[in-house]
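What the coordinates show
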Amino acid sequence: CYRWLGHHAGDPAHYRPEGELEAWKERCPVSLFRDRLILEGVIDENQNRRILESATAEMLAAQDWGMQQPWPLPEEALEDVYA
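What this report covers is the structure whose coordinates are included nearby.

**Some remarks on the environment of Lys25**
Summarising the element assignment, Lys25 is placed in helix α1 (residues 20-26). On the accessibility criterion, Lys25 (39% relative accessible area) is partly exposed. Each C-alpha atom, one on Lys25 and one on Trp4, is 7.8 Å from the other, the two residues being 21 residues apart in sequence.

The following block contains the structure:
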């Protein structure tokens, strides 16, 4: 597992050596597993596309639902937070 982005939205990650990110992207376990499934005939490109579309739609629906929820009350801010 390797973090492709910086530590926060504005972090350009200049501390990484040149080529490190690209090398890790080539080792992406999700891409490698997808390629293996296609190579071994478990799924084809169309099935892969449908899986990605379905997962993206589910993620966007969950995001929309979350954005529509009311903000928690200030007194609930530390609820379910453990030391």
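We are not done yet, so read on.
**Regarding the side chain of Asp11**
With respect to the helices and strands, Asp11 occurs in the segment before α1. One buried charged residue, Asp11, forms no salt bridge at all, with the nearest opposite charge on Arg3 at 5.1 Å. In terms of polar contacts, Asp11 uses its side chain to reach the backbone amide nitrogen of His7, at 2.7 Å. Within polar-contact distance, the side chain of Asp11 engages the side chain of Tyr15 at 2.7 Å.

**Quick word on the layout of surface pockets**
By volume, the largest pocket amounts to about 170 Å³. For the largest pocket, the full set of lining residues is Val30, Ser31, Arg34, Leu37, Ile43, Asn48, Ile51 and Leu52. Of all the elements in the fold, those that place two or more residues in the lining of the largest pocket are α2 (29-39) and α3 (45-68). Per-class residue counts for the lining of the largest pocket are five nonpolar, two polar and one charged.

**Some remarks on the pattern of salt bridges**
Across all of its chains, the model carries three salt bridges by this definition. The salt bridge partner of Arg36 is Glu40, with a shortest N-O separation of 3.0 Å. For the salt bridge of Glu53 with Arg49, the shortest nitrogen-to-oxygen distance reads 3.3 Å. Taken together, the positions of Glu53 and Arg49, both in helix α3 and four residues apart, correspond to about one turn of that helix. Looking at Glu53, the relative accessible area reads 44%, which means it is partly exposed.

**Here we look at unusual backbone geometry**
The backbone of Ala13 sits at a positive phi, close to 55 degrees, despite the residue not being glycine. Mapped onto the elements, Ala13 comes out in the segment before α1. The buried category is assigned to Ala13, whose relative accessible area is 11%. Phi is positive for Asp80, which is not a glycine, with a value near 60 degrees. Along the chain, Asp80 falls in the segment after α3.

Parameters and conventions
Residues numbered from 1 in each chain as written. Predicted model: local features only at pLDDT ≥ 70, side-chain atom pairs only at ≥ 80, totals over all residues. Heavy atoms only, no water. Helix = DSSP H or I, 4+ residues; strand = E, 2+ residues; numbered from the N terminus. Buried < 20%, exposed > 50% of the residue type's maximum accessible area, 1.4 Å probe, protein only. Lys, Arg positive; Asp, Glu negative; His and termini not counted. Salt bridge = Lys/Arg side-chain N within 4 Å of Asp/Glu carboxyl O. Polar contact = N/O pair within 3.5 Å; in protein donor to acceptor, adjacent residues only side chain to side chain. 1 Å grid on protein atoms, 1.4 Å probe; cavity = no way out; pocket = protein on both sides within 12 Å on 5 of 7 lines; lining within 4 Å. Points joined across faces, edges and corners; volume = space filled by probe spheres on them. Nonpolar A, V, L, I, M, F, W, Y, C, P; charged D, E, K, R; others polar.

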